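Tertiary structure, described
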Amino acid sequence: MARLELNERKQRLLMALVERHIRHGQPVGSKSLAGGGGLQVSPATIRNIMAELEDMGLLTSPHTSAGRIPTERGYRLYVDTLLASTTMENPDNARLRDELRQLLAPDQSHQALVSQASRTLAELTRMAGLVAVPRREVTTLRQVEFLPLSGQRVLVVLVVNRSEVQNRIIQTSREYGEVELRQAANYINHTYAGCDLDSICEGLLSTMDADRAQLDELMQTTVDIAGKALRPEQKDSDYVVSGESNLLDSAEAGGIGKLRDLFEAFNRKRDILHLLERSVKADGVQIFIGRESGYQPFEEYSLVSAPYKVDNGPMGVLAVVGPTRMDYERVIPTVDITARILSAALTQL
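The shown structure was predicted, so the numbers you read here are calculated from the model rather than taken from an experiment. (Residues numbered from 1 in each chain as written. Predicted model: local features only at pLDDT ≥ 70, side-chain atom pairs only at ≥ 80, totals over all residues. Heavy atoms only, no water.)

**Side note on the overall build of the protein**
Counting its regular elements, the protein contains 13 helices and 10 strands. The buried share among the 349 residues of the protein stands at 47%. If you take every contact in the protein between residues at least 6 apart in sequence, the share linking residues at least 24 apart comes to 62%. Total accessible area on the protein is roughly 17400 Å²; 46% of this is exposed by carbon and sulfur atoms. (Helix = DSSP H or I, 4+ residues; strand = E, 2+ residues; numbered from the N terminus. Buried < 20%, exposed > 50% of the residue type's maximum accessible area, 1.4 Å probe, protein only. Contact = heavy atoms within 4.5 Å. Areas by Shrake-Rupley, 256 points an atom, 1.4 Å probe, with all protein chains shown as cover.)

**Observations concerning the layout of surface pockets**
Each pocket or cavity is described by its volume, and for the second largest pocket that value is around 540 Å³. Lining the second largest pocket are 24 residues, with His-21, Ile-69, Pro-70, Glu-300 and Thr-324 positioned closest to its centre. Where the lining of the second largest pocket is concerned, the elements lending two or more residues are strand S2 (69-70) and helix H4 (72-85). Looking at the lining of the second largest pocket residue by residue, the class counts come to nine nonpolar, nine polar and six charged. (1 Å grid on protein atoms, 1.4 Å probe; cavity = no way out; pocket = protein on both sides within 12 Å on 5 of 7 lines; lining within 4 Å. Points joined across faces, edges and corners; volume = space filled by probe spheres on them. Nonpolar A, V, L, I, M, F, W, Y, C, P; charged D, E, K, R; others polar.)

**Examining the nonpolar core**
Ranked by internal contacts, the top residues of the largest apolar core, which has 75 residues, are Phe-266, Phe-298, Val-304, Val-321, Tyr-328 and Leu-342. With 10 residues, helix H13 (residues 328-347) is the single largest residue contributor to this core. Those residues in contact with Val-321 that lie beyond four places of it in its chain are Met-127, Ala-128, Leu-130, Leu-247, Leu-262, Phe-266, Phe-298, Tyr-301, Ser-302, Leu-303 and Met-326. Counting residues in each nonpolar core, the second largest holds 20 residues, with Phe-146, Leu-158, Ile-170 and Ala-226 among its members. (Core = buried A, V, L, I, M, F, W, Y, C linked by side-chain atoms within 4.5 Å.)

**Digging into unusual backbone geometry**
Only a minority of non-glycine residues have a phi that is not negative, and only a minority of peptide bonds are not trans. In the Ramachandran plot, Arg-126 falls in the positive-phi region, its phi being about 60 degrees despite a non-glycine side chain. For Arg-126, the position within the fold is in the loop between helix H6 (110-125) and strand S3 (128-132).

**A word on the packing of H6 against H13**
The geometry of H6 relative to H13 is characterised by a closest axis approach of 11 Å and an angle of 165 degrees between their N-to-C directions. Regarding the angle of H6 to H13, the classification is roughly antiparallel. In terms of crossing hand, the pair formed by H6 and H13 is right-handed. Across the interface between the two elements, His-110, Leu-113, Ala-117, Leu-121, Leu-124 and Thr-125 from H6 touch Arg-330, Val-331, Thr-334, Val-335, Thr-338, Leu-342, Ala-345 and Leu-346 from H13. Taken together, the residues that form the contact of H6 with H13 break down as nine nonpolar, four polar and one charged. (Axes fitted to C-alpha atoms, helices over the stretch in contact; angles between N-to-C directions. Parallel < 35°, antiparallel > 145°, perpendicular 65-115°, else oblique. Left-handed = near helix turned anticlockwise from the far one by under 90°.)

**Digging into the packing of helix H1 (residues 8-24) against helix H3 (residues 43-55)**
Close contact between H1 and H3 brings their axes to 10 Å; oriented N to C, the two are set at 85 degrees. It follows from the interaxial angle that H1 and H3 lie roughly perpendicular. Only Thr-45, Ile-46, Ile-49, Met-50, Glu-52 and Leu-53 of H3 make contact with H1, whose side of the interface consists of Arg-9, Lys-10, Leu-13, Leu-14 and Leu-17. Considered class by class, the residues forming the contact of H1 with H3 number seven nonpolar, one polar and three charged.

**Comments concerning the side chain of Thr-324**
Within the secondary structure layout, Thr-324 lies in the loop between strand S10 (313-323) and H13. When near neighbours in sequence (up to four residues on either side) are disregarded, Thr-324 contacts Tyr-75, Ile-289, Gly-290, Glu-300, Tyr-301 and Ser-302.

**Brief notes about the pairing of strand S5 (residues 153-160)**
Bridge count between strand S4 (residues 141-148) and S5: seven bridges; the pairing is antiparallel. Across the sheet, the residue bridging to Val-144 is Leu-158, located in S5. In this antiparallel pair of consecutive strands, S4 and S5, the connection spans four residues, and Gly-151 shows a positive phi of 70 degrees. Sheet topology note: the S5/strand S6 (residues 164-171) ladder contains eight bridges and is antiparallel. By the bridge assignment, Val-154 is partnered in S6 with Ile-170. The antiparallel hairpin formed by S5 and S6 contains three residues in its connecting segment, where Asn-161 sits at a positive phi of about 55 degrees. (Pairing = 2+ DSSP bridges.)

**Observations concerning H13**
In this model H13 runs 28 Å from its N-terminal to its C-terminal C-alpha over 20 residues, within 8% of the 28 Å that 1.5 Å per residue would give. A large share of H13 lies buried, amounting to 15 of its 20 residues. (Expected span 1.5 Å × (residues − 1).)

**As for the packing of aromatic side chains**
Counted by the stated rule, this structure contains three aromatic pairs. Centroid distance Tyr-78 to Tyr-328: 6.5 Å. Interplanar angle 65 degrees. Geometry classified as edge-to-face. Residue Tyr-78 is located in helix H4, and its partner Tyr-328 is located in helix H13; the two are separated by 250 residues in the primary sequence. The exposure class assigned to Tyr-78 is buried, which follows from its relative accessible area of 1%. Take Tyr-328: its relative accessible area is 0%, and that puts it in the buried class. Look at Phe-263 and Phe-266: their rings are 6.2 Å apart centre to centre, the planes differ by 25 degrees, and that puts the pair in the stacked class. (Phe/Tyr/Trp six-rings, centres within 6.5 Å; stacked < 30°, edge-to-face > 60°.)

**Some words on the pattern of salt bridges**
All told, the structure shown has 13 salt bridges when counted by the stated rule. With a closest N to O distance of 2.2 Å, Asp-92 and Arg-95 form a salt bridge. One end of the pair, Asp-92, and the other, Arg-95, are both in helix H5 (residues 91-103), three residues apart, so they sit about a helical turn from each other. There is no split in this pair, since Asp-92 and Arg-95 are both exposed. The partner of Arg-182 in a salt bridge is Glu-178, with the nearest N and O atoms 3.9 Å apart. Within this pair, Arg-182 and its partner Glu-178 are both found in helix H7 (residues 178-192), separated by four residues, close to a single helical turn. Salt bridges sharing common partners tie together Arg-76, Asp-80 and Glu-292. (Salt bridge = Lys/Arg side-chain N within 4 Å of Asp/Glu carboxyl O.)

Now the structure itself:
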């Protein structure tokens, strides 16, 4: 889509109209804009400008009234202008940063941080908040402990990456005593600390392929337990979504069918994940307005996303999904700042 260049007066009127429509949800007439938005022109002049903006495909009349609403193209120009002029340094954003630093403190696990970020986005924007579950390409072992439980069960305490703690219970081929388990843990910590879990498992599996008769008792215990205990943890889902019910409040009359399609897209995941993947390597906030996403369930909705990173490398994406008539001026910095705070918290794990 070719970028339109508007003179200052047309741009001011478009910005004022979009902002009024976002606040009230109704078609905007010339009288309501007269004297507002710094225009200081007559309703007749405003009507002429609105007609020109309609001819340019930026506004449309939903029915026979004189009021106009923005088209997707109008929203796009509004958002691009907003992004070019918005500064992240204001008192409201400073308060938001402080609140997010408390909610996304780095004393939580990856999964807890992701879930909290999704809930926080939903609460702050009153829309749906999505966060792609982080996938680490490498999970590095720091320390492991094995503790005997009743029966043939062992509690595994794993410290991985910087300070993430995982607790697992595994079923073993026989009962093991506390001394045996401590010796096996000491061996693994001495031999494999600092290695990624995949390479540790591969090394132990190759040991298992050797003649067991040649393995001493310690190595037999280590191979038996570690093969089950050190498998990288599998994620239950690809992203976390919160606040879907918020979208019910913003659904336009007769738009429940569109909302149902969107909820089905949340459940299918494929379309959502594809949109998030398009944003993971982006530089900052990405915005898909209505049909820009390329997916029918999003025709009346927008997705505002931003990547979050660890050690300057992309790790995942978080996003807000809401109606095209969302408050972009508030949502955009909320998504951007949340991504930055989540990145900082994950980097400290």
